[in-house]
Amino acid sequence: TDFAAGDPSPNRPYAEVIGDPIAHSKSPLIHRFWLDALGIDGDYRATRVAADDLAAFFAARADDSHWRGCNITVPHKVEALGHVADPGGVRASIGAINTVFRQDGALAGTNTDAAGFWSPIGDLDLTGQPVTVIGAGGAARAILWALARVGVGKVTVLNRNPLKAAALLSSFGLKGQALPLTPQVPPAALLVNATSLGMTGQPPLDIDLSAMPDDGIVYDIVYAPLETPLLAAARARGLDTVDGLEMLIAQAAVAFAILFGTEPPRERDDELRALLAG
Ligand code: ATR
């Protein structure tokens, strides 16, 4: 298996991102940029772990004292919960983890996607405000959980499969409506694309933004391309936008602090964004 060897350069701290496929993950670029910037002699890499190998992976790493933990991406975010302690109650709340770390001699799991989503819009007061979320997959789950915690108003979730949207609304106790995905959206203080539509190689997300108020914000979790068709349409309409690199970097920052025990140098985000966009 790919993961059996552990760190090829032993005696230094390391972490990794696991998934399948994993080759296109941006996480190694981000975490290595911060390790370099801070002068930490450590490593962060991408490791392909097949679904059947998840238990063997955690068993192998648990004995490796240099291993600080890992980030987790598709398809392991739900399954990994079964292999770790759950100090934050993520199992019952978000239902998926993206970070595993050592705690009290055991492996523990948490989810930094919710905090990462919230970080770029943390100054907004969305209390009682209408919000629209497109998508009902793993990313939408963390986003809706974060929105429920700040007490947003009516939430409209549009999804190709509207039954999944309805299930998420009820599981987070949100008031609102689940609708099939069409271009028509209601007015909202914030509209979020939590699907992969608009990503390079995927169809664009076709949304009619004319009902959005002039001070509405459009937030896309897709980061390749940086300017998705949705964000281009939002800018053309004069709306404020948040791009997917902001969430990507913010969720990684929370994970980096957990894995390496120190805050990353966020004042260097401009350099990091240029590196990631290039
Ligand atoms: P992630 O972890 O990135 O959220 P996911 O859990 O597979 O990935 O969720 C993908 C989301 O994108 C879902 O909302 C999915 O819609 P369905 O729930 O109906 O499957 C949506 N999605 C993906 N491809 C799509 C497409 N071609 N058209 C419409 N929606 C799409």
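Reading the values: rules and limits
Note on numbering: residues in each chain are counted from 1, in written sequence order. In keeping with the predicted nature of the model, local features appear solely for residues at pLDDT of at least 70, side-chain atom pairs appear and are counted solely at 80 or more, and the whole-chain, interface and lining totals rest on all residues. Hydrogens are left out, water is left out, and the side-chain values use all remaining heavy atoms of the structure. Runs of E in the DSSP output that reach at least two residues are strands. Runs of H or I that reach at least four are helices, and both are numbered from the N terminus. Burial classes follow relative accessibility: with a 1.4 Å probe on protein chains only, a residue under 20% of its type's maximum area counts as buried, one over 50% as exposed, and anything between as partly exposed. The pairing criterion for strands is at least two bridges between them, as found by DSSP. An axis is simply a line fitted to the C-alpha atoms; with a helix, the fit covers only the stretch in contact. Between two such axes, the angle follows the N-to-C directions and lies from 0 to 180 degrees. In this scheme, roughly parallel covers angles under 35 degrees and roughly antiparallel covers those over 145, while 65 to 115 is roughly perpendicular and the rest are oblique. A clockwise turn of the near helix away from the far one marks a right-handed crossing, whereas an anticlockwise turn of less than a right angle marks a left-handed crossing. Contact definition: two residues touch when any of their heavy atoms are within 4.5 Å. For this classification, Asp, Glu, Lys and Arg are treated as charged, while Ala, Val, Leu, Ile, Met, Phe, Trp, Tyr, Cys and Pro are nonpolar and the rest, including Gly, are polar.

## Comments concerning unusual backbone geometry
With an omega of 5°, the peptide bond between D20 and P21 qualifies as cis. Locating P21 in the fold gives a position in the loop between β1 (14-19) and α1 (27-38). Residue A224 is joined to P225 through a cis peptide bond whose omega torsion reads 5°. Assignment of secondary structure puts P225 in the loop between β10 (217-220) and α6 (229-236). Notably, D104 is not glycine yet its phi reads approximately 50°, a positive angle. Examined against the element boundaries, D104 turns out to sit in the loop between β4 (99-103) and β5 (106-110). Residue D104 is classed as exposed on the basis of its relative accessible area of 78%.

## Points about the sheet that holds strand β6 (residues 131-134)
Spatially, β8-β7-β6-β9-β10-β11 is the arrangement adopted by the 6 strands of the open sheet, whose pairing is parallel. Each of the sheet's edge strands pairs with one partner strand only, and the pair in question is β8 (176-180) and β11 (240-242). Averaged over all neighbouring strand pairs, the angle between strand axes comes to 15°, with direction disregarded. In the sheet, strand β7 (residues 155-159) pairs with β8 via 5 bridges, with the strands oriented parallel.

## Looking at the packing of helix α7 (residues 244-260) against helix α8 (residues 269-277)
Between α7 and α8, whose axes approach to 11 Å, the crossing angle comes to 115°. By the angle between their axes, α7 is roughly perpendicular relative to α8. Relative to α8, the crossing made by α7 is right-handed. Along its contact with α7, which presents L245, E246 and I249, the element α8 presents D269, L272, R273 and L276. Of the residues assigned to the contact of α7 with α8, the class counts are 4 nonpolar, no polar and 3 charged.

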